[in-house]
Structures are given as structure tokens and as C-alpha cells.
Amino acid sequence: MNDAPVPAPPGPGDAAYPGRTAPGCATLTALDTAVAGCRACPRLVDWRERAARQAPPAHRAERYWARPVPGLGPPDASIALVGLAPSAHGGNRTGRMFTGDPSGDVLIRALYEVGLASGPTSRAADDGLRLLDTRITAPVHCAPPENAPTTAERDTCRPWLTAELGLLAPRLRVIVCLGGFGWRALLPVLRAAGRQVPRPQPVFGHGAHTLLAGGAGLPPLHLLGCYHPSRRNMATGTLTAPMLTDLLRRARELAADSG
């Protein structure tokens, strides 16, 4: 099937653009292109562009991406990681998820240690890093002020996540939610996709595990909770490198057993 033409990028405040565009993307390549052109949320557009203009000294000479950051990873991944949103001077600078900031340093090293990344570092979009059988995405694709998207911004961005997981669905076996925000954002998407999400809905926590039954052409899907590898969580010991590595190893084992 050929991709439908991607509509021209909207002006700021066209909140209908994701919902109008995402369902017409038949491949992840088309979806990533459409995501990168989104200007649906004026506050986020202003913040991501202002962060580029007011870069810290270490990055002042660099040209920022300053657009929504698409997902990262192969189209046939059996594992998906759902985070929160790009950081102002990480993904918003480099144009790649979990790249160029402390959270990315921690996550990519852990993925490498369990065999899900080709290298232990993620510095720039052209550094040659490849994710192996893993796709990283987020409920919100633009860097938000204080790393805190609003509920309206999350909901406006939801069609991108819905479309991305739909394209991954035939091979997808495990989703790891990096933080409670990603967990709460994901459950309505899964329910809308026809998954039988329990009620009351599963509670987030590190190591939380819910198996969603297959059916209607969908394979069973494991949902795992993981504390976000933020600088604060790592500094306080809320999450440690061994905790993260162990959970990602478990995700890989579940994906292999479900294949």
C-alpha cells in the first residue's frame, strides 16, 4: 500500500493536524515525517524554538532540531519503550529520542548491555547508533517546559502514538513504559486499539507487569512499568543502572518467549 500524501505542515494551533494526518500514514517513515512537521500546540512550539535560541554555553554553537522528535527504531520491533517527551537540550537539540542528555546516556547503555542497541552511547543523530528489535517513542513529541506537558497537549499528540503502535502491532510483544506519565497515556491508546485493558486499570510501578490478551488479529502484549531514567531518579537511587538493565533484560526475554 502506498502512503497517502502528507498534508502540508500546519500553522501553530492547528490541533486537528495529528488526528487528520496520522491515520493516513501507512509506514513509520511517513509517520515520522508527518510528526516532524507538527505545530499543533502553540506553547510547545514556542518553548522548543525558544530553547534553541537560548541554548546553554555548551551547545550555543550547535544548530538545534527544534521540532517534534519522531520515534526511533526499526519498523518490525517486538519491543517498544514509551517515555514522556524529549528534553529541551537533548532530543530537541539532536532530533533523536533519548540522545544527547543524561537520561539518554543511561537508557542507551542499558539497552546495549542487554543486546538491544548497537552501541553504548547516543550523542547525535548521525553517530551510527541502531536500536535492535526495539522502538522508542513518547506520548508527547515536543520538549515541554519543566518536562511537564499539559493534559491537552498529551491528548492532542495522542494520534501519533496510536498510529505508531498500530503500525508496530503485528510484531509488537512488549511495551515498557518509562514513568507513570507514559503508562497513563498508553492505556487509553491500547483500549482504543481493541486491547482488553483490565478495570480497574493496572497501577504503575517499577516492575509492574500486565499481560493483555490477543485476539482480532492482535498478539498477546506484555506491559511493563519502569521508573524513568531521569537525572533525578538516578541521583536519588529511585532507579539504579542494575534495576534498569534487569527490567530491559526481562522485556527481551518476554518478547523472545512470545515470538
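As shown above, the structure is provided for reference.
Everything quoted here is computed from the prediction, not taken from an experiment. (Residues numbered from 1 in each chain as written. Predicted model: local features only at pLDDT ≥ 70, side-chain atom pairs only at ≥ 80, totals over all residues. Heavy atoms only, no water.)

**Q** Honestly, the pairing of strand E2 (residues 134-137) in this entry has me stumped. Any pointers?
**A** On E2, burial covers both faces: Thr134 and Ile136 on one face and Arg135 and Thr137 on the other are all buried. Bridging between strand E1 (residues 79-82) and E2 involves four bridges; their strand directions are parallel. Bridging across to E2, Ala80 finds its partner in Arg135. (Buried < 20%, exposed > 50% of the residue type's maximum accessible area, 1.4 Å probe, protein only. Helix = DSSP H or I, 4+ residues; strand = E, 2+ residues; numbered from the N terminus. Pairing = 2+ DSSP bridges.)

**Q** Any chance you could explain the environment of Ala22 here in plain terms?
**A** Here Ala22 shows up in the loop between helix H1 (17-21) and helix H2 (28-36). Ala22 sits in the buried class, given a relative accessible area of 0%. Along the sequence, Ala22 and Leu178 sit 156 residues apart, while their C-alpha atoms lie 23 Å from each other. Ignoring sequence-local partners within four residues, the contact set of Ala22 consists of Leu31, Pro159, Trp160 and Ala163. (Contact = heavy atoms within 4.5 Å.)

**Q** What is the right way to read empty space enclosed by the protein from this model?
**A** A probe as big as a water molecule, rolled over the atoms, marks out the empty space that is left. Following the criterion strictly, the structure yields one cavity of 30 Å³ or more and no others. As for the largest cavity, its lining consists of 15 residues, and the residues nearest its centre are Cys38, Cys41, Leu44, Cys142 and Cys157. Taken together, the residues that form the lining of the largest cavity break down as eleven nonpolar, two polar and two charged. (1 Å grid on protein atoms, 1.4 Å probe; cavity = no way out; pocket = protein on both sides within 12 Å on 5 of 7 lines; lining within 4 Å. Points joined across faces, edges and corners; volume = space filled by probe spheres on them. Nonpolar A, V, L, I, M, F, W, Y, C, P; charged D, E, K, R; others polar.)

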